[in-house]
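# Commentary on secondary and tertiary structure
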There are 2 protein chains.
Amino acid sequence: MRLGIMNKYEVMKMTFSLRAIAHMRSDFPAKFGVPRQSGLVPELKSTVVFTPEFRNPDTLRGLEGFSHLWLIWLFDRSVRAEWSPTVRPPRLGGNQRLGVFATRSPFRPNPIGLSCVELAGIETTGEGPVLHVRGADLVDGTPILDIKPYIPYADSRPDARSGFAPGPSETLEVEIPPALLERVPPSQREALRGILAQDPRPHYQDDPERVYGFGFAGMEVKFMVAQGRVVVLDVG
Amino acid sequence: MRLGIMNKYEVMKMTFSLRAIAHMRSDFPAKFGVPRQSGLVPELKSTVVFTPEFRNPDTLRGLEGFSHLWLIWLFDRSVRAEWSPTVRPPRLGGNQRLGVFATRSPFRPNPIGLSCVELAGIETTGEGPVLHVRGADLVDGTPILDIKPYIPYADSRPDARSGFAPGPSETLEVEIPPALLERVPPSQREALRGILAQDPRPHYQDDPERVYGFGFAGMEVKFMVAQGRVVVLDVG
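Let me sum up the structure you'll find in this document. Quick caveat, the model's predicted, so the values are computed rather than measured.

Let us now look at the packing of aromatic side chains. Taken as a whole and judged by the stated rule, the model has 21 aromatic pairs over all chains. Judged by centre distance (5.8 Å) and plane angle (85°), the ring pair of A:Phe66 and B:Phe164 falls under edge-to-face. Of the two residues, A:Phe66 is situated in the loop between strand E3 (45-50) and strand E4 (68-74) and B:Phe164 in the loop between helix H2 (152-155) and strand E10 (173-175); the pairing between them involves two chains. The exposure classification of A:Phe66 matches that of B:Phe164, with both residues buried. Here the aromatic rings of B:Trp73 and B:Phe75 are separated by 4.5 Å at their centres, their planes lie at 55°, and the arrangement is tilted. On the accessibility criterion, B:Phe75 (14% relative accessible area) is buried. Among the aromatic residues, ring-to-ring pairing joins A:Phe32, A:Tyr212, A:Phe214 and A:Phe223 into one connected group.

Below, the discussion takes up helix H4 (residues 189-197) of chain A. Of the positions making up H4(A), those classed as buried are A:Ala191, A:Leu192, A:Gly194, A:Ile195, A:Leu196 and A:Ala197. Directly after H4(A), the chain includes A:Asp199, whose backbone phi takes a positive value near 65°.

Taken together, the 92 residues of chain A in the interface contact 92 residues of chain B. Interface area for chain A against chain B, summed over the two sides, is near 8,400 Å², with a carbon-plus-sulfur share of 60%. When the shortest N-O distance is used, the salt bridge between A:Asp155 and B:Arg104 registers 2.9 Å. Seen at the junction of chain A and chain B, the total is 45 residue pairs in polar contact (both at pLDDT 80 or more). Residues of the side of chain A that touches chain B, tallied by class, amount to 47 nonpolar, 23 polar and 22 charged. Here strand E1 (residues 15-19) of chain A runs beside strand E1 (residues 15-19) of chain B; their pairing, made up of 5 bridges, is antiparallel. Residue pairing across strands places A:Phe16 opposite B:Leu18, the latter belonging to E1(B).

Rules used in this analysis
Residues numbered from 1 in each chain as written. Chains lettered and ligands numbered in written order. Predicted model: local features only at pLDDT ≥ 70, side-chain atom pairs only at ≥ 80, totals over all residues. Heavy atoms only, no water. Phe/Tyr/Trp six-rings, centres within 6.5 Å; stacked < 30°, edge-to-face > 60°. Helix = DSSP H or I, 4+ residues; strand = E, 2+ residues; numbered from the N terminus. Buried < 20%, exposed > 50% of the residue type's maximum accessible area, 1.4 Å probe, protein only. Contact = heavy atoms within 4.5 Å. Buried area = accessible area lost by both parts, 1.4 Å probe. Salt bridge = Lys/Arg side-chain N within 4 Å of Asp/Glu carboxyl O. Polar contact = N/O pair within 3.5 Å; in protein donor to acceptor, adjacent residues only side chain to side chain. Nonpolar A, V, L, I, M, F, W, Y, C, P; charged D, E, K, R; others polar. Pairing = 2+ DSSP bridges.

Okay, structure coming up:
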């Protein structure tokens, strides 16, 4: 009987075509600097812009009653032709291999991302209704497949046991010289601090001489890390 | 500049092809009776069986360190040719319309389901490694697109405000006459009680004369609901 069931599964449809209902508009032109999970930098603001077919405020009726949302999206910058059964999570220093389904790595058989974000507001714009969210970990332009309300009684398991990632990494102290901080729009200063405090370096690198740079909000931010401190060298 | 960004999005790839990495093997041959969210009936056991290409224990290395998983799957029994901007959630009696993105309705532009389940064990079988899970809300044969570990610091928001669904519906008392209960395998009795206590009727129906039936674990379960009590009439 078991075999009979599997035969049924094996003739089932195996591939599915899904479409982008929206794209993320965020301050990250590329992956470097993006927080490693949603919620780690709650000051970080970004915007969900629907694709033309889905610019209908009716689809959002009642959403304002929820404080948090799920975004289900595609790691479109991380697609590889082949998938690997194991990956090396940055959290483990990058030298230990874990099963791909035991991690949140972007390099997955189906490159689907899952992020819990705070709903900061719904605004009507010339591009239809947009969602302002906080704490997202999506690169600018990321295609979004679905948006769901966060339902704590089904989704929140505060006591879940969490293998190699029991809590977020320790944050670093951040030093931004005042003259450089002035180049950052005031509304984005706390977000930038939060991003840097998360230590955006690849985890297996610890070279106090090395200068790193990433794009944020149209600027290029350059920094070094030494003795647990992030020092910003340039913002331009 | 805003317009420039949207033009960039608009030329981006809009459809994506994803494949089933696994299927659910559950006791529900059809949607009727399936709990309305994951976690509502923790006694309910089901099994994730990987498709042949993904039957590799390496993909699961380290997963045993997590107590809960996310299943990202497809509502393949709920696909409609057209999507509607609004749906009528059973929780609101079925007569109030909410935006599709403000609900967890299966009738979505991309019919993606999201379920948090408890990992009860990983077993090596003739069908490769399988995952035994508890609390799933998936019909037998449902295609699964991705499996991720549940990470409380990113995924758990116990204080999130939750619009029209602040908590699970009240459960009903369940009466199963002993002679009928004996027909249910002992390992599935608590799960059956849990399913019935959730009130599997369509929410907009309240007809104390009506007999409902659903398939569960190869049996057909018939019941009525009157005065807040579920009474099982037949199990066969």
